[in-house]
Protein chains: 2
Amino acid sequence: MTTLFRNGTVINVFTGEMEKANVLIENGTIIGVGDYDEGDETIDLTGKFLAPGLIDSHIHIESTMLLPYEFARAVLPHGTTAVIADPHEIGNVAGTAGLRFMLEGSRGLPLDFYWMMPPCVPSTRFDESGAVLSAGDLAPFYDDPMVLGLGEVMDYTGVETRGPELMKKIAGAAARGKTVNGHAPLQTGRALDRYIAAGVTDDHECSSAEEAAERIRKGQRVMIREGTAAKNLEALLPMFDPPYCARCLLATDDKHPADLLTGGHIDMIIRKAAASGKNPVTGIRMATIQTAEYYGLKRTGAVAPGYRADLIVLSDLKKMQVEAVYKDGRLAAEKGKAVPFKRPKVSAPLSERVKNSMRLNPVSSEDFAFQQKGVHRCRVIRRIPGQLLTDEELRNVDLGKGFDLEKDILKIAVIERHHMTGHIGLGLIHGAGLKAGAVASSVGHDAHNLVVIGTSDQEMAAAANAVKECGGGMAAVKDGKVIGKMALPYGGLMTDRSAEEAAKENAALRASLTQLGLPEGEELFMTTAFLSLPVIPHLKLTTKGLVDVDRQELVELTVD
Amino acid sequence: MTTLFRNGTVINVFTGEMEKANVLIENGTIIGVGDYDEGDETIDLTGKFLAPGLIDSHIHIESTMLLPYEFARAVLPHGTTAVIADPHEIGNVAGTAGLRFMLEGSRGLPLDFYWMMPPCVPSTRFDESGAVLSAGDLAPFYDDPMVLGLGEVMDYTGVETRGPELMKKIAGAAARGKTVNGHAPLQTGRALDRYIAAGVTDDHECSSAEEAAERIRKGQRVMIREGTAAKNLEALLPMFDPPYCARCLLATDDKHPADLLTGGHIDMIIRKAAASGKNPVTGIRMATIQTAEYYGLKRTGAVAPGYRADLIVLSDLKKMQVEAVYKDGRLAAEKGKAVPFKRPKVSAPLSERVKNSMRLNPVSSEDFAFQQKGVHRCRVIRRIPGQLLTDEELRNVDLGKGFDLEKDILKIAVIERHHMTGHIGLGLIHGAGLKAGAVASSVGHDAHNLVVIGTSDQEMAAAANAVKECGGGMAAVKDGKVIGKMALPYGGLMTDRSAEEAAKENAALRASLTQLGLPEGEELFMTTAFLSLPVIPHLKLTTKGLVDVDRQELVELTVD
């Protein structure tokens, strides 16, 4: 069975040239590009462009809140035919079972899911995560051809000081000829040399062209990241020009479902770059052959003989208008809709393990009471809207009461939810903005414990219990009643709903926050997701208590 | 132990930029490039350039007539620190023992020898080679980290028709994620698509820019070849410009010892390109990071953190004046001389097998007598000076006599020398130019049987026996006496002498040919080396007799 794509303009990713050529496909493989004139089936591409399918070089699927099957349905219409994913979040929740859950749940889909094994689970010793992944835990995964290496080595200090377990993980990947992803924001000069020399060969955290150029000169590939949370495209536009463009890839890192549906995926990054005057073909080359060759993917990422027929048809190049998507020669999406396909079967024990991730007893209002009473000088986490960074503020707070709504000082709790330890870290937050009620979420990087912020102990308990009851997710409570909820029963991170439903649920939940006194559009759940991550400065809260991130030390709530 | 290279101009192969920077080395690895100012040892590079060591992307070491040890000594001073070699010739002579002989003989040298397993041994069914290499024979070699894939798949017709054993070899390499070298001169359009789609990812046989551009557009890497026999640089100079240069590598393919010593190696190709106005940095990028990344060599081919300290110091970039060469951080050559290093030990059985490759009984003048007598209309091989191609001529020849010196019609014989079969193919050659005596050589692509050309049966026998007696090599005989000789006891292909001695011996041998009536500089041994290769048109001679290459058929000497 042969298929002939005729009369299209083929994007040649090897040279950047465009050629009028016919393309012949047989059994999912491109067998010729040229003057072919016969096929069992013929598809006319007059006036259209044919390019290779797009590849996201670094994404956490969990950030989309979708299972791989639904993720594929959402991104195929945008021209994505492969992703390199770091299952970092589910690894923190469910360890190797979580990783296997993702691998099994992505097999046989018309989108290639390649995986990078997360090296920093947990991220620090302060994290009470659901699992600890050792070098020995990761090694067996490298036998899987869909596993391409070690995920982002976030603990750059650990690398620079040559921490033995981390170096063992890097060596384990290197010994198998695998790739090692980087994450070392703002590192430069000698520190960066030391990080790179350990064997880390890319970075997706560059926020300036200078930062990116230094990395390229030092041999790394730079992933130009434009996701929902972090957006670096504008700053990195100069990377679309020679001599840097040949060493860049495109990535989304974290991407929310509504943003995927309305904005797009990798197509969106190229569209934005083109709107800023950059050549869309440069972006296509980054997201196809350059990514494939970097990761050692054979026969992937080009319209050329011997390559897999992962193809996208574009009606407009600058606008990256994707008309149709072919995966291994078969139609996978058309006019914005994925062609129906089978949902992979995940073995029951893995599924059960991932679905039973809310391992904590119900909490009550007493759990949120500070041990100390009376007015004390306290360390308060100051939220900075739109940022993941927080500051430390010293404020006098009446701990018997614990809330000061007028001064926007609320309670925050991080409840251990993996091992029934009953550990609860309690703290104070300034700037969360709630005027009533409480919110809770099981999405709390990286350990994904249950993060709760509220205006009363009762409502905090209600919000936490609501999340527990739906097997993980997010909830908003007012006057003791659940007014918004999004169930994320898979690891407390993912839903089994479609992207459309997930986006709708998420929008409704966020809308409910206005009833708690927040302005419309306020992304409080983005805040809760990062308040317990003790690798982002300056003051964070874990199940063990407050962490001074800069000193990497637990600190007391009170300073008097 | 750290070494600091200070005050040099570093060639950045990732960007093509040049940067004033200091480079710090520790334990053979580059640990930093920048403002480093301290090292246990300091080397001043003021006014000089620092570049990565050069890599030959495709060479047959046997063509240099040198063993790997002596080859390394010869090319290190030219800045070569790695080669990707196809041990095709020794494979034809001694099979897997020959391959292992090369692998063992190249271990631990200050030059990395990577190997490609020869897929076409023998080249055709007409060849009586010393060994037949099956897919099963090659497979175990892929466990060796120095083996990077399958060598040049010369039998392009076999690929285009999907010959099962050949496809098994390609599949065997692909299954291990290895590279497959190509050789498909002048193939174009659909035939080329079919060849490439089989999984062949490079070619070194391009003789025009159009041919090279087509291959690059179709995904292949193009090796710009400039060796002793085949010279394609001039025709391929346009490939030094974008968008093609990023997909090109440099190669010598076949290189004679004198040419290595006086002309150079990969440095010579870059020097010539620069003399034609091309950017030498483009050539350096081709021969370093581009070759390393194509073959999947990690930490090789750049001056950057984490890379192996394979470095060359250049006093003049355009002239590619190599002053010093460092391999894994240690001085390996300086001012044209290699630093002394240890000769690898090769296990005795392998060495013995390779050294006892002349397995034939002594021949006598009777062996060169045609069975038919009297005048017949005969197929005569017409030599075309300076070419590997031959023509077929029909001439009336008195076979009882067999020679017609006035018309420059001589006898040629190809004597089986691997299995004591006594097979001798006899034929006639026009244009060899000998006025007296005879020559013989055990270098006869690809089966490397003993090729003899002469003006009398007695002298042909004497020349053949002289080569047998020195265990393989080349000889010239006049008046029954050996007047020139070069012993190549290793497989009948390689000497254990140094490049200097080999070049001297070879020059003396070639000079002796003037006594046989040849003009000075005539490369008759180049002719003998290709007269028995039945894949180069049009009429060739094997141990089984004359081969019509175009029809791939044995043909009779006489046509009447």
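The rules behind these values
Every residue gets a number counted from 1 within its own chain, in the order that chain's sequence is written. Chains carry letters from A onward and ligands carry numbers from 1 onward, assigned in written order. Since the coordinates come from a predicted model, pLDDT governs what is reported: local features require at least 70, and pairs of side-chain atoms require 80 or more to be given and counted, while whole-chain, interface and lining totals use all residues. Computation of side-chain values covers all heavy atoms of the structure but excludes hydrogens and water. For the purposes of this entry, the term helix denotes a DSSP run of H or I that reaches at least four residues, the term strand denotes a run of E that reaches at least two, and both are numbered from the N terminus. Only C-alpha atoms enter the radius of gyration; for comparison, a globular chain is expected to reach 2.2 Å times N to the power 0.38, where N is the number of residues. To sort residues, take the accessible area from a 1.4 Å probe on protein chains only and compare it with the maximum for the residue type: under 20% means buried, over 50% means exposed, and anything in between is partly exposed. Should any heavy atoms of two residues lie within 4.5 Å, those residues are considered in contact. Basic side-chain nitrogens of Lys or Arg form a salt bridge, by our definition, when they fall within 4 Å of a carboxyl oxygen of Asp or Glu. Here the rule is simple: two strands pair whenever DSSP picks up at least two bridges between them. The criterion for an aromatic pair is that two Phe, Tyr or Trp rings (for Trp, the six-membered ring) have centres within 6.5 Å, with stacked assigned to planes under 30 degrees apart, edge-to-face to planes over 60 apart and tilted to the rest. Criterion for a charge above a ring: Arg CZ or Lys NZ at most 6 Å from the ring centre, at most 35 degrees from the ring normal. Here the copies were fitted onto each other by least squares, based on C-alpha atoms from residues at pLDDT of at least 70 in both. Axis definition: a line fitted to C-alpha atoms, limited for helices to the stretch in contact. Angles are taken between N-to-C directions and run from 0 to 180 degrees. Accessible-area loss on putting two parts together, using a 1.4 Å probe and summing over both, is the definition of buried area adopted here. Within 3.5 Å is the distance limit for a polar contact, defined as a pair of N or O atoms, with the added protein rule that one can donate a hydrogen and the other accept it, and that residues adjacent in sequence qualify only through two side-chain atoms. Side-chain classes are defined by residue name, with Ala, Val, Leu, Ile, Met, Phe, Trp, Tyr, Cys and Pro counting as nonpolar, Asp, Glu, Lys and Arg as charged, and the others, Gly among them, as polar. In this scheme the handedness of a crossing depends on how the near helix is turned from the far one: anticlockwise by less than a right angle means left-handed, clockwise means right-handed.

A. Inspection of the overall build of chain A at higher detail. Counting secondary structure elements, chain A contains 15 helices and 28 strands. Compactness check: chain A gives a C-alpha radius of gyration of 24 Å against a globular reference of 24 Å for 560 residues, within 12% of the reference. Among the 560 residues that make up chain A, the fraction classed as buried is 63%. Taking the intrachain contacts of chain A between residues at least 6 apart in sequence as the baseline, contacts between residues at least 24 apart amount to 69%.

B. How the structure looks around the pattern of salt bridges. One pass over the structure, following the stated rule, counts 72 salt bridges over all chains. A salt bridge links A:Asp391 to A:Arg382; its shortest N-O distance comes to 2.9 Å. Here B:Lys272 ties to B:Glu226 by a salt bridge, and the two come within 2.6 Å at their closest N and O atoms. Pair noted here: B:Lys272 is in helix α10 (residues 266-275) and B:Glu226 is in the loop between β12 (221-225) and α8 (233-236), with a separation of 46 residues, a long-range link. Bridged by salt links that share partners, the residues A:Asp112, A:Arg308, A:Asp310, A:Lys327 and A:Asp328 form one connected network.

C. Inspection of the sheet that holds strand β11 (residues 202-203) of chain A at higher detail. Residue and element names in this part refer to chain A. Across the sheet, three strands lie side by side as β11-β12-β13; this open sheet has parallel pairing. Edge positions in the open sheet fall to β11 and β13 (248-251), since each of these has one partner strand only. Bridge count between strand β12 (residues 221-225) and β13: four bridges; the pairing is parallel. Across the sheet, arginine 225 pairs through a bridge with alanine 251, a residue of β13.

D. Up close: the packing of aromatic side chains. According to the stated counting rule, one finds 14 aromatic pairs over all chains in the structure shown. Feature note: the residues A:Phe71, A:Phe113 and A:Trp115 constitute an aromatic cluster, connected by ring pairs. The ring of B:Tyr36 has A:Arg190 lying over it, and the distance from NZ or CZ to the ring centre is 4.7 Å.

E. Structural context of the relation of the copies chain B and chain A. For the pair chain B and chain A, the superposition axis carries a translation of 0.0 Å, the fit reaches an RMSD of 0.0 Å, and the rotation angle comes to 180 degrees. The operation mapping one copy onto its partner corresponds to a two-fold rotation axis. Ranked by how close their C-alpha atoms come to the rotation axis, the residues of chain B are headed by B:Gly296, at 4.0 Å. Both copies present the same face, since 97% of the interface residues in chain B are matched by interface residues at the equivalent positions in chain A.

F. Layout of the sheet that holds strand β28 (residues 553-555) of chain B. Residue and element names in this part refer to chain B. Taken in spatial order, the three strands line up as β26-β27-β28 in an open sheet, and their pairing is antiparallel. If you trace the sheet from one side to the other, it starts and ends with β26 (539-542) and β28, each paired once. Strand-to-strand twist across the sheet, computed as the mean angle between neighbouring axes with direction ignored, equals 45 degrees. Summarising the sheet, strand β27 (residues 545-548) and β28 pair through three bridges and their orientation is antiparallel. Following the sheet pairing, leucine 546 is matched in β28 by valine 555.

G. Region of interest: the interface of chain B and chain A. Contacts between chain B and chain A engage 34 residues on the former and 33 residues on the latter. Between chain B and chain A lies a buried interface of about 2,700 Å² when both sides are counted; carbon and sulfur atoms form 44% of it. Looking only at chain B, the three residues that lose the most surface to chain A are B:Phe14, B:Arg190 and B:Arg217, adding up to 21% of its buried area. At the surface where chain B touches chain A, the tally comes to ten salt bridges. With its nearest N and O atoms 3.4 Å apart, the salt bridge here joins B:Asp35 to A:Arg190. At the surface where chain B touches chain A, the tally comes to 20 residue pairs in polar contact (both at pLDDT 80 or more). Elements represented by at least two residues in the side of chain B that touches chain A include exactly β3 (29-34), α6 (189-197) and α7 (209-217) of chain B. When its residues are assigned to classes, the side of chain B that touches chain A shows 13 nonpolar, seven polar and 14 charged.

H. Region of the structure containing the pairing of strand β1 (residues 2-11) of chain B. Residue and element names in this part refer to chain B. Most of β1 sits inside the fold, with eight of its ten residues counted as buried. The antiparallel hairpin formed by β1 and strand β2 (residues 18-26) contains six residues in its connecting segment, where glycine 16 sits at a positive phi of about 80 degrees. Examined bridge by bridge, β1 and strand β4 (residues 41-44) share four bridges and lie parallel to one another. When the sheet's bridge partners are listed, threonine 3 is paired in β4 with glutamate 41. Sheet analysis places β1 next to strand β5 (residues 49-52), joined by two bridges and oriented parallel. Counted as the bridge partner of threonine 9 is phenylalanine 49 from β5.

I. Seen up close, the packing of helix α2 (residues 88-104) of chain A against helix α12 (residues 348-355) of chain A. All names here are of chain A. Across the interface, α2 lies against α12 with an axial gap of 9 Å and an inter-helix angle of 145 degrees. Between α2 and α12 the crossing geometry is left-handed. Across the interface between the two elements, Ile90, Val93, Ala94, Ala97, Gly98, Arg100, Phe101 and Glu104 from α2 touch Leu350, Ser351, Arg353 and Val354 from α12. Tallied by class, the residues present in the contact of α2 with α12 amount to seven nonpolar, two polar and three charged.

J. How the structure looks around the environment of A:Ala302. Residue and element names in this part refer to chain A. Within the secondary structure, alanine 302 sits in the loop between α11 (280-295) and β14 (311-316). Taking the C-alpha atoms as reference points, alanine 302 and valine 13, separated by 289 residues in sequence, lie 6.2 Å from one another. When sequence neighbours within four positions are dropped, the list of residues in contact with alanine 302 reads Val13, Phe14, Ile30, Pro52, Ile289, Tyr307 and Arg308.

K. Quick peek at unusual backbone geometry. Of note, the amide linkage connecting A:Val121 to A:Pro122 takes the cis form, showing an omega dihedral of 0 degrees. Its place among the elements puts A:Pro122 in the loop between β8 (112-117) and α3 (135-138). The peptide bond linking A:Pro537 to A:His538 adopts the cis configuration, its omega dihedral lying at 5 degrees. Tracing the backbone shows A:His538 in the loop between α15 (524-530) and β26 (539-542). In this structure, A:Asn27 is a non-glycine residue whose phi angle is positive, near 50 degrees. Given a relative accessible area of 65%, A:Asn27 falls into the exposed group. The backbone of B:Asp328 sits at a positive phi, close to 50 degrees, despite the residue not being glycine. With respect to the helices and strands, B:Asp328 occurs in the loop between β15 (321-327) and β16 (330-334).

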